[in-house]
Amino acid sequence: MAVSGSKAIFGDVYADELVASCGNGLDFLKPSGVYFADRSHSSCQKASVILRKQEQPNNRFLCGYYICDAMLRNTKYNPPFGPRMKGIHTSSLPCSSAGAAHELSFDSCSKDEQTADLPEQAIPGEKTLKLLSASYYMPHPAKEETGGEDAHFICANEQAIGVADGVGGWAEVGINAGEFARELMSNSVAAIQDEPKGFIDPARVLEKAHSSTKSQGSSTACIIALTEEGIHAINLGDSGFIVVRDGCTVFHSPVQQHGFNFTYQLESGDNGDLPSSGQVFRIPVLPGDVIVAGTDGLFDNLYNNEVTAVVVHALRAGFSPELMAKQIAALARERAVNRNRQTPFAKAAQDAGFRYYGGKLDDITVVVSYITSSANV
């Protein structure tokens with residue numbers, strides 16, 4: 001198990017530095033809601049998702065996982081790498097740094113389908129599904145010294161991944177929310193160890209992790225586990241994941257926010273949103289599916305079809321999950337500093353009544369997981 005400090009800059013509550021860095025004439029008001037205690041949210045919204053069944057592609061790759069398992073033995077949640085690393089990927093190799101990948105831009109289809117019913121059996125009985133995962137992290141340039149405020153983990157043996165994005169608004173009162181995000185992810189790894197093998201309940205994991213996280217700050221959270229029934233996940237806030245099948249986005253977790261640029265967030269104690277406010281998903285998956293999880297630094301800057309296009313290109317090129325994650329992160333960073341291209345964040349700002357165009361510079365965490373199968377022994 002490894003907990004990596006992908007860590008994040010502003011992004012969730014206000015965007016003053018974003019305006020200065022991207023050159024947009026937008027005066028974002030700073031919501032006071034970094035401290036709030038609204039308990040009106042309904043408890044644990046649940047959704048089941050049907051994914052289209054198609055023939056599995058032939059290009060599936062068994063790849064390495066992530067980094068050092070020594071993190072689990074060490075209860076500290078500091079990232080196992082230096083803060084100056086601009087690009088950090090996790091795989092079966094030791095921690096290392098890599099530069100930005102070549103810029104990519106493709107077009108592909110995008111389709112989200114949700115229903116209350118699940119198929120009777122989405123996983124062939126004679127096969128065992130595996131989650132082969134790797135990650136890539138690019139901290140905000142202004143946060144390289146501290147490593148940023150995102151965090152993530154990959155548990156290879158337990159077939160689980162998670163991402164968190166510390167709310168940058170805490171910097172106004174001298175608090176690095178990345179500490180909260182890293183501790184939350186570390187505690188999630190610890191909670192996963194107590195779950196039944198093959199039956200991890202992400203909602204229960206997040207509840208345990210949140211209750212034991214004591215750092216000041218707040219964070220979004222997304223935890224995904226591969227179980228015998230498929231993907232079981234919980235998402236709270238504006239981090240999230242998509243599922244790509246045969247060149248199409250067949251699922252994208254919805255964003256949870258109180259208002260524009262004011263995401264749902266966990267905070268130590270009962271001052272923020274509670275884990276029960278998260279959305280829970282059970283999603284059948286097939287060999288050949290690709291899961292792309294990330295923080296808002298990814299999804300604020302890339303549309304689903306852009307992410308899916310990179311996935312298709314990477315699969316055709318025979319890329320590992322690690323290299324695919326790097327390619328996706330590189331394209332997200334390219335969009336983030338582009339002042340002349342429409343992005344999901346710009347569209348959301350415009351819908352909220354702001355004059356804004358271009359990307360949003362932020363920490364970018366990408367975790368890519370290939371769904372593969374192997375015969376039972």
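Refer to the structure above for everything that follows.
Definitions and cut-offs
Residues numbered from 1 in each chain as written. Predicted model: local features only at pLDDT ≥ 70, side-chain atom pairs only at ≥ 80, totals over all residues. Heavy atoms only, no water. Helix = DSSP H or I, 4+ residues; strand = E, 2+ residues; numbered from the N terminus. Buried < 20%, exposed > 50% of the residue type's maximum accessible area, 1.4 Å probe, protein only. Contact = heavy atoms within 4.5 Å. Areas by Shrake-Rupley, 256 points an atom, 1.4 Å probe, with all protein chains shown as cover. Pairing = 2+ DSSP bridges. Core = buried A, V, L, I, M, F, W, Y, C linked by side-chain atoms within 4.5 Å. Axes fitted to C-alpha atoms, helices over the stretch in contact; angles between N-to-C directions. Parallel < 35°, antiparallel > 145°, perpendicular 65-115°, else oblique. Left-handed = near helix turned anticlockwise from the far one by under 90°. Salt bridge = Lys/Arg side-chain N within 4 Å of Asp/Glu carboxyl O.

### Brief notes about the overall build of the protein chain
Of regular secondary structure, the protein chain possesses eight helices and 19 strands. For the protein chain, the proportion of its 377 residues judged to be buried stands at 60%. Look at the contacts in the protein chain between residues 6 or more apart in sequence, and 80% of them connect residues 24 or more apart. When the accessible surface of the protein chain is summed, it comes to about 14,500 Å², and 50% of that surface belongs to carbon and sulfur atoms.

### Considerations on the pairing of strand β10 (residues 221–227)
Counting buried positions along β10 gives seven out of seven residues, so the element sits mostly inside the fold. Of the two faces of β10, both are covered, the one formed by Ala-221, Ile-223, Ala-225 and Thr-227 as well as the one formed by Cys-222, Ile-224 and Leu-226. Sheet topology places β10 next to strand β11 (residues 230–236); seven bridges connect them, and they run antiparallel. Considered in β11, the bridge of Thr-227 is made with Gly-230. The turn joining β10 and β11, which pair antiparallel and follow one another in sequence, is formed by two residues.

### Re the nonpolar core
Across soluble globular proteins, nonpolar side chains show a tendency to be buried alongside one another. Formed by 26 residues in total, the largest nonpolar core has its most connected members in Val-290, Val-292, Leu-298, Met-324, Ile-328, Val-366 and Val-368. In contact with Val-290, other than residues within four places in its own chain, are Ile-242, Val-243, Val-244, Val-311, Leu-315, Met-324, Val-368, Ser-369 and Tyr-370.

### Quick notes on the packing of helix α3 (residues 177–192) against helix α4 (residues 202–211)
Between α3 and α4, the least distance of the axes is 8 Å, while the angle of their chain directions is 125°. Compared by their axis directions, α3 and α4 come out oblique. Here the hand of the crossing between α3 and α4 comes out right-handed. Contacts from Leu-184, Asn-187, Ser-188, Ala-191 and Ile-192 of α3 reach α4 at Val-205, Leu-206, Lys-208, Ala-209 and His-210.

### Notes on unusual backbone geometry
Despite not being glycine, Asp-246 has its phi angle at roughly 50°, a positive value. By secondary structure assignment, the location of Asp-246 is in the loop between β12 (240–245) and β13 (248–252). Here Asn-261, not a glycine, exhibits a phi torsion of approximately 60°, which is positive. Looking at where Asn-261 falls in the secondary structure, it is placed in the loop between β14 (257–259) and β15 (262–263). We classify Asn-261 as buried; its relative accessible area is 8%.

### Details of the pattern of salt bridges
Taken as a whole and assessed by the stated rule, the structure comprises twelve salt bridges. Arg-182 is the partner of Glu-179 in a salt bridge, and the nearest nitrogen-oxygen pair spans 2.1 Å. Of the two residues, Glu-179 and Arg-182 are both situated in helix α3; the distance of three residues between them amounts to about one turn of the helix. According to the relative accessible area criterion, Glu-179 is partly exposed, its value standing at 27%. Residue Lys-360 is joined to Asp-362 by a salt bridge in which the shortest nitrogen-to-oxygen separation is 3.7 Å. Residue Lys-360 is classed as buried on the basis of its relative accessible area, which comes to 0%. Asp-362 sits in the buried class, given a relative accessible area of 0%.

### Some words on the packing of helix α6 (residues 304–316) against helix α7 (residues 321–336)
Running from N to C, α6 and α7 cross one another at 145°; their axes reach a closest spacing of 10 Å. In terms of crossing hand, the pair formed by α6 and α7 is right-handed. Contacts from Glu-306, Val-307, Val-310, Val-311, Ala-314 and Leu-315 of α6 reach α7 at Met-324, Gln-327, Ile-328, Leu-331 and Arg-335.

Treat this as a map of the structure, not an account of what it does.
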